[in-house]
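# Residue-level structure breakdown
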Amino acid sequence: KQEVTQIPAALSVPEGENLVLNCSFTDSAIYNLQWFRQDPGKGLTSLLLIQSSQREQTSGRLNASLDKSSGRSTLYIAASQPGDSATYLCAPSNDYKLSFGAGTTVTVRA
Amino acid sequence: DAGITQSPRHKVTETGTPVTLRCHQTENHRYMYWYRQDPGHGLRLIHYSYGVKDTDKGEVSDGYSVSRSKTEDFLLTLESATSSQTSVYFCAISEGGGPAVFGPGTRLTVL
C-alpha cells in the first residue's frame, strides 16, 4: 500500500518568499506523480503532472522535481503571493490509482 | 476544464437509507474514481472503474458499491447509510497516465 507523507503540515510565510513543499512516498513503482491545490471547501485543482521518466516539470512560478528511486518529490513556488494560500496535495499514481498525502497548508501573509 | 460533474452537490439523509451519488463526464476518459475526504484522513479511494462494467475496490470500499453501465456515468451507492459515511465525496477521471481531473465534490451528511 502506498504511503504518502507531506512535510511540513503547515507553513506560513511573508509575501515574496519562495516556498518549498516536500512529499515522500514508500512505493517507488509509480507511473506518475501529480500535485494539486485545494482551497477551503473546494475541489482539487491540478497544478503539475510529472511522468516517472521525468526529473522536473515547470509551470509559471511552479516547479516540481521527482526522484523516483528515493521516493521523493518537491514542489517549489517562487515569489509567493497571498493568492497562493491553500492546501497542496501530492499524489503518486500506482496502477493508475492515486494515493494522497495529508497535504501542506500554506498561508502567505501580505 | 475537463467536463466532470457530480450530483447532488449536497445531501442530508438519515441512517439506514440508501443513497446514490452520480458522477458524469463528457471527456470519454477510461478511468473513473470515487474518493472520500475526511479531516485527519485525507483523500481515500473507495472504488474505481477502468471501463464500462469494469470496477474494482479501493482501500475503503466496505459499505459502498458502484456501477458503470456507460462510459460517461459512474454511480456510487451507499446501500444503508451510516453516520461514519458522512464525508465529502469526490469523483475523478483520467485517461490512464494522464492527469486526473476531479469533480466539485458532494457533501453528504448522514444523521
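So, here's what we can say about the structure.

Criteria and cut-off values
Residues numbered from 1 in each chain as written. Chains lettered and ligands numbered in written order. Predicted model: local features only at pLDDT ≥ 70, side-chain atom pairs only at ≥ 80, totals over all residues. Heavy atoms only, no water. Helix = DSSP H or I, 4+ residues; strand = E, 2+ residues; numbered from the N terminus. Buried < 20%, exposed > 50% of the residue type's maximum accessible area, 1.4 Å probe, protein only. Contact = heavy atoms within 4.5 Å. Areas by Shrake-Rupley, 256 points an atom, 1.4 Å probe, with all protein chains shown as cover. Lys, Arg positive; Asp, Glu negative; His and termini not counted. Charge placed at Lys NZ, Arg CZ, Asp CG, Glu CD. Pairing = 2+ DSSP bridges. Disulfide = S-S within 2.5 Å. Axes fitted to C-alpha atoms, helices over the stretch in contact; angles between N-to-C directions. Buried area = accessible area lost by both parts, 1.4 Å probe. Salt bridge = Lys/Arg side-chain N within 4 Å of Asp/Glu carboxyl O. Polar contact = N/O pair within 3.5 Å; in protein donor to acceptor, adjacent residues only side chain to side chain. Nonpolar A, V, L, I, M, F, W, Y, C, P; charged D, E, K, R; others polar.

This part takes up the overall build of chain B. In terms of helices and strands, chain B carries zero helices and 11 strands. Of the regular secondary structure in chain B, the N- to C-terminal order runs β-β-β-β-β-β-β-β-β-β-β. Buried residues in chain B amount to 49% of all 111 residues. Considering only intrachain contacts with a sequence separation of at least 6, the fraction spanning at least 24 residues in chain B is 54%. When the accessible area of chain B is evaluated, it comes to approximately 5,100 Å², of which 48% is carbon and sulfur surface. A gap of 3 Å separates the mean positions of the 11 positive and 12 negative side-chain charges of chain B.

Turning our attention to the pairing of strand S8 (residues 72–77) of chain A. When a strand is regular, its side chains alternate between the sheet's two faces. All names here are of chain A. Of the pairings in the sheet, the one linking strand S3 (residues 19–25) to S8 comprises six bridges and is antiparallel in character. Counterpart to Leu-21 in the pairing with S8 is Leu-75. Of the strand pairs in this sheet, strand S7 (residues 62–67) and S8 are connected by six bridges, and their pairing is antiparallel. When the bridges of S8 are listed, Leu-62 appears paired with Ile-77.

With an omega dihedral of 0°, the bond running from A:Ile7 to A:Pro8 counts as a cis peptide bond. Within the fold, A:Pro8 resides in the loop between strand S1 (4–7) and strand S2 (10–14). The peptide bond linking B:Ser7 to B:Pro8 adopts the cis configuration, its omega dihedral lying at -10°. Residue position: B:Pro8 is located in the loop between strand S1 (4–7) and strand S2 (10–13). Backbone geometry places A:Asp95, a non-glycine residue, at a positive phi of 50°. Summarising the element assignment, A:Asp95 is placed in the loop between strand S9 (86–94) and strand S10 (97–98).

Residue and element names in this part refer to chain B. Under the definition given, this model contains two disulfides over all chains. Cys-23 shares a disulfide with Cys-91; S-S distance 1.9 Å. Sign of the S-S torsion, about -75° for the bond between Cys-23 and Cys-91, identifies this disulfide as left-handed. In this pair, Cys-23 sits in strand S3 (residues 19–25) while Cys-91 sits in strand S9 (residues 87–94), placing the two residues 68 residues apart along the sequence. For Cys-91, a relative accessible area of 0% puts it in the buried group.

Residue and element names in this part refer to chain B. Position of Thr-55 among the secondary structure elements: in strand S6 (residues 54–57). Here Thr-55 falls in the partly exposed class, since its relative accessible area comes to 31%. Between the alpha carbons of Thr-55 and Ser-67 there is a distance of 7.5 Å; along the sequence they are 12 residues apart. Here Thr-55 is in contact with Tyr-48, Ser-49, Tyr-50, Val-66 and Phe-74, once residues within four sequence places are set aside.

All names here are of chain A. The strand order S1-S3-S8-S7-S6 describes an open sheet built from five strands, whose pairing is antiparallel. Sheet topology places S1 and strand S6 (56–59) at the edges, where each strand pairs with a single neighbour. Ignoring strand direction, the axes of neighbouring strands in this sheet form an average angle of 15°. Across four bridges, S6 lies against S7 in antiparallel orientation. Bridge pairing links Ser-59 to Leu-62 in S7.

Between chain B and chain A, the residue contacts involve 18 residues of the former and 18 residues of the latter. With both sides pooled, the region where chain B packs onto chain A buries about 1,400 Å², and carbon together with sulfur makes up 59% of that total. On the chain B side of the contact with chain A, B:Leu43, B:Gly97 and B:Phe102 bury the most area, a combined 33% of that side's loss. Joining chain B to chain A, the criterion identifies one salt bridge. Here A:Lys1 ties to B:Glu59 by a salt bridge, and the two come within 3.8 Å at their closest N and O atoms. Where chain B touches chain A, the interface holds four residue pairs in polar contact (both at pLDDT 80 or more). Those elements that place two or more of their residues in the side of chain B that touches chain A are strand S4 (31–38) and strand S5 (42–51) of chain B. Looking at the side of chain B that touches chain A, its residues break down into 11 nonpolar, five polar and two charged.

Taken by themselves, the reported measurements are silent on function.
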